Amino acid sequence: MKKHLIAIASLLACLGAAAQTVTVKDTVIRTYNYSDPDPIARTDRVYPYTRFNNFAFNPVDRTWKMVVLENDYLRVKIFPEIGGKIWSIYNKKQGQELFYDNDVVKFREISLRGPWTSGGIEFNYGVIGHAPSTAHPVDWKTETNEDGSVSCYIGVTELLSGSRWTIEINLPKDAVWVRTSSFWHNYSGEYQPYYTWANSGVTATDDMQIIFPADYTIGHNGITYPFPYDEGRDLRNYSEQRFGMDKSFHPGGSHKGYFGVYYPSEDFGMLHYALRDEKLGRKYFSWAQSEQGSIWVDLLTDGRPQYIELQSGRLFNQNDLSSVQTPYKQFLFTPYGSDSWNEYWLPFAGIGNVSDMTLRAVVNVEGEAGKYEVSFYPLQNLRRSGNHYRGRASHLLV
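Residues numbered from 1 in each chain as written. Predicted model: local features only at pLDDT ≥ 70, side-chain atom pairs only at ≥ 80, totals over all residues. Heavy atoms only, no water.

Peer 1: Please clarify how the side chain of Ser 88 should be interpreted in this entry.
Peer 2: Note on placement: Ser 88 falls in strand S5 (residues 85-91). Of the polar contacts made by the side chain of Ser 88, one reaches the side chain of Glu 97; its length is 2.6 Å. Filtering out sequence-adjacent residues up to four positions away, Ser 88 remains in contact with Arg 75, Val 76, Lys 77 and Glu 97. (Helix = DSSP H or I, 4+ residues; strand = E, 2+ residues; numbered from the N terminus. Polar contact = N/O pair within 3.5 Å; in protein donor to acceptor, adjacent residues only side chain to side chain. Contact = heavy atoms within 4.5 Å.)

Okay, structure coming up:
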């Protein structure tokens, strides 16, 4: 029996050329500062960096340098003085924030050097996360490109590993995504730990659904576990993750290049996309859905709810020592070696959950035998919509 697929272009019907800008401005945000560095040198794993051990309980209004990239669809806010963190990606068409937009900069002792603040997307390179640069200024510059896109470049020399990383945060003029292009170079002349993870924070809600195409998960110890069910609970549903403790796993077993979250009550979500061979690793982390986790709501924000972390990495898992006895091993960064890769951060809305995606569109397929409704959320210009197709849904996206 032949099956008819009805393609429905959703919301953005047809994307055209857009106006894009890059601006730099001083922004005042309520901030819980950290102390001056510890004056006593330490020869532990943070040397030659200093540590910061004291954190304010009373906030002040502090002025931060903010870079804003904007086109007709998205507004991107970047803090070059807080590790180059992407603080916000705002979907202007749907009026939705993609990530956990913290209402304060509230530093607490979490990172390798001490201070860390939740929200947005942070970039970790070197030995382990949260990296030494996550709460400190990085090098940066802005650029308007010949293709009409705008960029903010961030980067820093990482002293623990003797490496240098640079990221171009690029907003196209006519697409609904943000591209981050990474370049990482080991200039030390010695083998170094190969650790790099992009860590995004998204708002946690009771109806939130986790989008991870996966057949199993990988632990920090390299042992695999079933997915999506754990102790009879569907890990794709945040409401079913009440284990009484923090939850962390690395999804695996799929060659699809995307993952993210979906909020059914708002019919809105966020996706991360990369070529599968460029980003093998994915990680999910959530604070405990108990008083143990609620403590961190008070510590890291003033008026926002809980959040979860969705991470992408170059290796399959963030492995501990026992993982080297499994196929999921730690690799070393070759002396004078360099690596580069791209990843994309994007919204979708008005189509339900996600069946598949490319950089042309996000698609959802629903229906019963004999008739299917295929809804698209365009990410680039789609010249035709409302067409009827015969065949399989996988043939609709090229």
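Peer 1: Would you explain the environment of Ala 56 in this entry?
Peer 2: With respect to the secondary-structure elements, Ala 56 resides in the loop between strand S2 (21-32) and strand S3 (60-70). A relative accessible area of 25% places Ala 56 in the partly exposed class. Between the C-alpha atom of Ala 56 and that of Lys 106, which follows or precedes it by 50 residues, the distance is 8.7 Å. (Buried < 20%, exposed > 50% of the residue type's maximum accessible area, 1.4 Å probe, protein only.)

Peer 1: Sorry if this is basic, but what is going on with the sheet that holds strand S23 (residues 258-263) here?
Peer 2: Pairing between sheet strands relies on hydrogen bonds along the backbone, with the strands arranged either parallel or antiparallel. On the basis of which strands lie adjacent, the open sheet formed by eight strands has the order S11-S12-S13-S14-S28-S24-S23-S17 and antiparallel pairing. Only two strands of the sheet have a single partner each, and these edge strands are strand S11 (139-144) and strand S17 (209-211). Taking each pair of neighbouring strands and ignoring which way they run, the sheet shows an average axis angle of 15°. Direction of pairing for S23 relative to strand S24 (residues 268-273): antiparallel, over a ladder of six bridges. The partner of Val 261 across the bridge, within S24, is Met 270. (Pairing = 2+ DSSP bridges. Axes fitted to C-alpha atoms, helices over the stretch in contact; angles between N-to-C directions.)

Peer 1: Help me out: how do you make sense of helix H1 (residues 291-300) in this one?
Peer 2: Turn by turn, an α-helix covers 3.6 residues, leaving residues three or four places apart pointing in a common direction. Turning to H1, its buried residues number three or more, namely Gly 293, Val 297 and Leu 300. One side of H1 holds all its buried residues, which, seen down the axis, span an arc of 95°. In this structure, H1 carries Glu 291 and Asp 298 as exposed residues pointing more than 90 degrees from its buried face. Residues of H1 that are buried make contact with strand S7 (105-106), strand S8 (108-111), strand S9 (114-116) and strand S26 (307-313). (Arc of directions from axis to C-beta.)

Peer 1: When you look at the confidence of the model for the chain in this model, what are you seeing that I'm missing?
Peer 2: Residues shown with low pLDDT carry predicted positions that ought not to be read at fine detail. With 91% of its residues at a pLDDT of at least 70, the chain reaches an overall mean of 91. Predicted confidence for residues 1-14 stays below pLDDT 50, and this span has 56 contacts to residues more than four positions away or in other chains. Predicted confidence is poor over residues 385-391, with pLDDT under 50, and the contacts of this stretch with residues over four places away or in other chains come to 18 contacts. (pLDDT = per-residue confidence, 0-100.)

Peer 1: Got a minute to help me understand the packing of aromatic side chains in this structure?
Peer 2: Any pair of aromatic rings gets described here by the distance separating the centres and the angle formed by the planes. Under the definition given, this model contains 23 aromatic pairs. Seen in terms of ring centroids, Tyr 100 and Tyr 307 are 5.1 Å apart; in terms of plane orientation they differ by 40°. Their pairing is tilted. Placement of the pair is Tyr 100 in the loop between strand S6 (96-97) and S7 and Tyr 307 in strand S26, with a sequence separation of 207 residues. Accessibility expressed as a relative area gives 2% for Tyr 100, which makes it buried. Between the aromatic rings of Tyr 273 and Tyr 344, the centroid separation amounts to 6.2 Å while the plane-to-plane angle is 50°, which identifies the pairing as tilted. Taken together, the residues Tyr 273 in strand S24 and Tyr 344 in strand S28 (residues 338-349) connect sequence positions 71 residues apart. The pair Tyr 273 / Tyr 344 is uniform in exposure class, with both members buried. Each member of the aromatic cluster is reached from another via a ring pair, and the members are Tyr 34, Phe 52, Trp 64, Phe 79, Trp 87 and Phe 107. (Phe/Tyr/Trp six-rings, centres within 6.5 Å; stacked < 30°, edge-to-face > 60°.)

Peer 1: Help me out: how do you make sense of the pattern of salt bridges in this one?
Peer 2: Oppositely charged side chains can form a pair if their charged atoms are brought close together. Counted by the stated rule, this structure contains 15 salt bridges. Linking Asp 302 and Arg 30 is a salt bridge whose minimum nitrogen-to-oxygen distance equals 3.4 Å. Here Asp 302, found in the loop between H1 and S26, pairs with Arg 30, found in strand S2; they are 272 residues apart in sequence, far enough to count as distant. Of the residues examined, Arg 30 reaches a relative accessible area of 36% and is grouped as partly exposed. Among the ionic pairs, Glu 143 bridges to Lys 141, the shortest N-O distance being 3.5 Å. Of the residues examined, Glu 143 reaches a relative accessible area of 29% and is grouped as partly exposed. A relative accessible area of 44% means that Lys 141 is categorised as partly exposed. Connected through shared salt-bridge partners, Arg 30, Lys 106 and Asp 302 make up one network. (Salt bridge = Lys/Arg side-chain N within 4 Å of Asp/Glu carboxyl O.)

Peer 1: Help me understand the nonpolar core, please; the structure alone is not making it clear to me.
Peer 2: Looking at soluble globular proteins, one finds that nonpolar side chains tend to be buried together. Of all hydrophobic cores here, the largest spans 68 residues; its most connected members are Ile 89, Ile 308 and Val 362. Broken down by element, the residue count for this core peaks at six residues, all from S28. Discounting residues that sit within four places of it in the chain, Ile 308 has contacts with Ser 200, Gly 201, Val 202, Ala 204, Met 208, Ile 210, Tyr 238, Val 261, Tyr 284, Phe 285 and Ser 286. The next biggest cluster of nonpolar side chains, apart from the first, holds eleven residues, and it includes Phe 55, Val 68, Phe 79 and Val 105. (Core = buried A, V, L, I, M, F, W, Y, C linked by side-chain atoms within 4.5 Å.)

Peer 1: Would you mind showing me how to read the environment of Met 270 here?
Peer 2: Relative to the elements of secondary structure, Met 270 occurs in strand S24. Sequence separation between Met 270 and Ala 288 is 18 residues; the distance between their C-alpha atoms is 22 Å. Once residues lying within four places of it in the same chain are set aside, the contact partners of Met 270 are Leu 98, Phe 99, Ser 200, Val 202, Phe 259, Gly 260, Val 261, Leu 310, Leu 346 and Phe 348.

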